[in-house]
Amino acid sequence: MDKLLYLHLFLGPVFLVIAFLFRHYPPKHINALYGYRTGSSMKSQERWDFANQRSSELMLRLAFLLLLVQAGTLYFFESEISLLFASLVLLLGITGIVISTEKELKNRFP
């Protein structure tokens, strides 16, 4: 196996672990190190708690989608193409998490 394939197979499981940790061990207080940290999420503890709960749910969904994409594309394509698809899904997914969470924050906390 080449190094690129190892990197590819590393993405999904690591993201799943991170999503699991955020979901089950969310940051209790606003901080600059750990959690969903944006200007709007750090305005109050209530916003912080909501944003971290919401984003961790979406991260878990993205992690499972990423694992499916990895398995599916690796079966049909070479490792370079498969890694490209998985990376694109990850990038678009993270962007979607931020957009969705910020929109929910704006709606819930006008």
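Residues numbered from 1 in each chain as written. Predicted model: local features only at pLDDT ≥ 70, side-chain atom pairs only at ≥ 80, totals over all residues. Heavy atoms only, no water.

A. Main features of the overall build of the protein chain. The number of helices and strands found in the protein chain is three helices and zero strands. Starting at the N terminus, the α and β elements of the protein chain follow one another as α-α-α. Taking the principal axes of its C-alpha atoms as reference, the protein chain extends roughly 50 × 25 × 20 Å. By sequence separation, contacts in the protein chain at least 24 residues apart represent 63% of the contacts at least 6 residues apart. Accessible area of the protein chain: about 7,100 Å², with a carbon and sulfur share of 70%. (Helix = DSSP H or I, 4+ residues; strand = E, 2+ residues; numbered from the N terminus. Contact = heavy atoms within 4.5 Å. Areas by Shrake-Rupley, 256 points an atom, 1.4 Å probe, with all protein chains shown as cover.)

B. Main features of helix α1 (residues 3-24). Counted at 1.5 Å a residue, the expected span for α1 with its 22 residues is 32 Å, and the 32 Å between its end C-alpha atoms agrees. Of all the bends in α1, the greatest reaches close to 25° and is centred on L11; the proline P13 follows between one and four positions later. Every buried residue of α1 is listed here: L5, H8, G12, F15, A19 and F22. On its buried face, α1 is in contact with α2 (45-76) and α3 (79-108). (Expected span 1.5 Å × (residues − 1). Bend = angle between axes of the 7 residues up to and from the residue. Buried < 20%, exposed > 50% of the residue type's maximum accessible area, 1.4 Å probe, protein only.)

C. Local environment of the packing of α1 against α2. As a packed pair, α1 and α2 sit with axes 8 Å apart at the nearest point and diverge in direction by 160°. Compared by their axis directions, α1 and α2 come out roughly antiparallel. Seen from above, α1 lies across α2 with left-handed handedness. (Axes fitted to C-alpha atoms, helices over the stretch in contact; angles between N-to-C directions. Parallel < 35°, antiparallel > 145°, perpendicular 65-115°, else oblique. Left-handed = near helix turned anticlockwise from the far one by under 90°.)

D. Spotlight on the packing of α1 against α3. Direction vectors running N to C along α1 and α3 enclose 30°, while the axes themselves pass 9 Å from each other. If you check the angle between α1 and α3, you find them roughly parallel. Crossing geometry of α1 relative to α3 is assigned as left-handed. Within the contact between the two elements, α1 uses L4, L5, L7, H8, L11 and F15 and α3 uses S79, E80, S82, L83, A86, S87, L90 and I94. The residue makeup of the contact of α1 with α3, split by class, is nine nonpolar, four polar and one charged. (Nonpolar A, V, L, I, M, F, W, Y, C, P; charged D, E, K, R; others polar.)

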